[in-house]
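Below are the chains, spelled out letter by letter.
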Amino acid sequence: KHPDHQRREYIFNVIIAFFTFAAAMATLSSGITHLLGANAHKANSVPETVGFLLFTAGLWWLSRKGQYRLGAYTLVALIWLSALQLTLAWSLELPMAQLLNIVVIVIAGIMLSSRAALFITFVTSVTTLVIGYLQSTGNIPVDVSWLTKKLEFSDAIGLVVLYIIIGAISWLANNEIDLLLRRAWRS
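Residues numbered from 1 in each chain as written. Predicted model: local features only at pLDDT ≥ 70, side-chain atom pairs only at ≥ 80, totals over all residues. Heavy atoms only, no water.

A.B. asks: Can you tell me about the packing of aromatic side chains, naming the residues and giving the values?
C.D. replies: How two aromatic rings sit relative to each other is set out by the distance from centre to centre and by the angle between their planes. Under the definition given, this model contains 2 aromatic pairs. Between Phe18 and Trp171, the aromatic rings sit 6.3 Å apart at their centres with planes inclined by 55°, giving tilted as the arrangement. A residue pair is termed long-range when its members are at least 10 positions apart, and Phe18 in helix α1 (residues 3–35) and Trp171 in helix α6 (residues 153–186) qualify at 153 residues. For Phe18, a relative accessible area of 29% translates into the label partly exposed. Residue Trp171 is classed as partly exposed on the basis of its relative accessible area of 42%. When the ring of Phe19 is compared with that of Phe52, the centres are 6.3 Å apart and the planes differ by 70°; the resulting orientation is edge-to-face. Of the two residues, Phe19 is situated in helix α1 and Phe52 in helix α2 (residues 45–64); the sequence distance between them amounts to 33 residues. When its relative accessible area of 23% is taken as the criterion, Phe52 is described as partly exposed. (Phe/Tyr/Trp six-rings, centres within 6.5 Å; stacked < 30°, edge-to-face > 60°. Helix = DSSP H or I, 4+ residues; strand = E, 2+ residues; numbered from the N terminus. Buried < 20%, exposed > 50% of the residue type's maximum accessible area, 1.4 Å probe, protein only.)

A.B. asks: An account of the packing of helix α3 (residues 68–90) against helix α4 (residues 95–112) is requested, with residue identities and associated values reported.
C.D. replies: Remark: α3 packs on α4, axes separated minimally by 8 Å, with the N-to-C direction vectors making an angle of 165°. Between α3 and α4, the interaxial angle falls into the category roughly antiparallel. Like other packed secondary-structure pairs, α3 and α4 cross with a definite hand, here left-handed. Across the interface between the two elements, Arg69, Ala72, Tyr73, Leu75, Val76, Ile79, Trp80, Ser82, Ala83, Leu86 and Thr87 of α3 pack against Met96, Ala97, Leu100, Asn101, Val103, Val104, Ile107, Ala108, Met111 and Leu112 of α4. A class-by-class count of the residues in the contact of α3 with α4 yields 17 nonpolar, 3 polar and 1 charged. (Axes fitted to C-alpha atoms, helices over the stretch in contact; angles between N-to-C directions. Parallel < 35°, antiparallel > 145°, perpendicular 65-115°, else oblique. Left-handed = near helix turned anticlockwise from the far one by under 90°. Contact = heavy atoms within 4.5 Å. Nonpolar A, V, L, I, M, F, W, Y, C, P; charged D, E, K, R; others polar.)

A.B. asks: Lay out the nonpolar core in plain terms, naming residues and giving numbers.
C.D. replies: Within the largest apolar cluster, 38 residues are counted, with the highest numbers of intra-cluster contacts made by Phe12, Ile15, Leu75, Val76, Ile79, Ile107 and Met111. Within the residue set of this core, elements represented by two or more residues are α1, α2, α3, α4, α5 (114–136) and α6. The contacts of Val76, once residues within four sequence positions are left out, are Val104, Ile107, Ala108, Met111, Leu112 and Ile120. (Core = buried A, V, L, I, M, F, W, Y, C linked by side-chain atoms within 4.5 Å.)

Rendered as structure tokens:
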């Protein structure tokens, strides 16, 4: 394999490992919360987090089969579609949707290419402008009840999952820069 492909596969595997860790923590937390009866009306959060865990494990398996690019494109598409769905359902002001858009741009840049990051940035910006216009004119109904709802523990779980992923990306980027600098100093 080409050294750049090996590096990108390594990066993808590290990111998927952190996604899988975050999914496992979210699944554990959802299970405990459900068993304690705190979110009886959100019984579907357990299947959703288990599905997320199985999905990330499937992407790791895909990478181990030499298809890391397909896995990377799948992950980027899924994150972008999740952010789009949240934006359409709850408004473009939802912090989780905004964070997911940032994560998808950064992940596309790290795992795919700088062009992919620019493309995702362009697509995300255009869809945000279109959705923002349609939501502000009332052409797309939005549920802004989340602005007045009481904070739930599951909101914190979602944010922690994103923090873990953003921290992993930051660590990975710095680690790669340090590795390249060490190679340059040696040469």
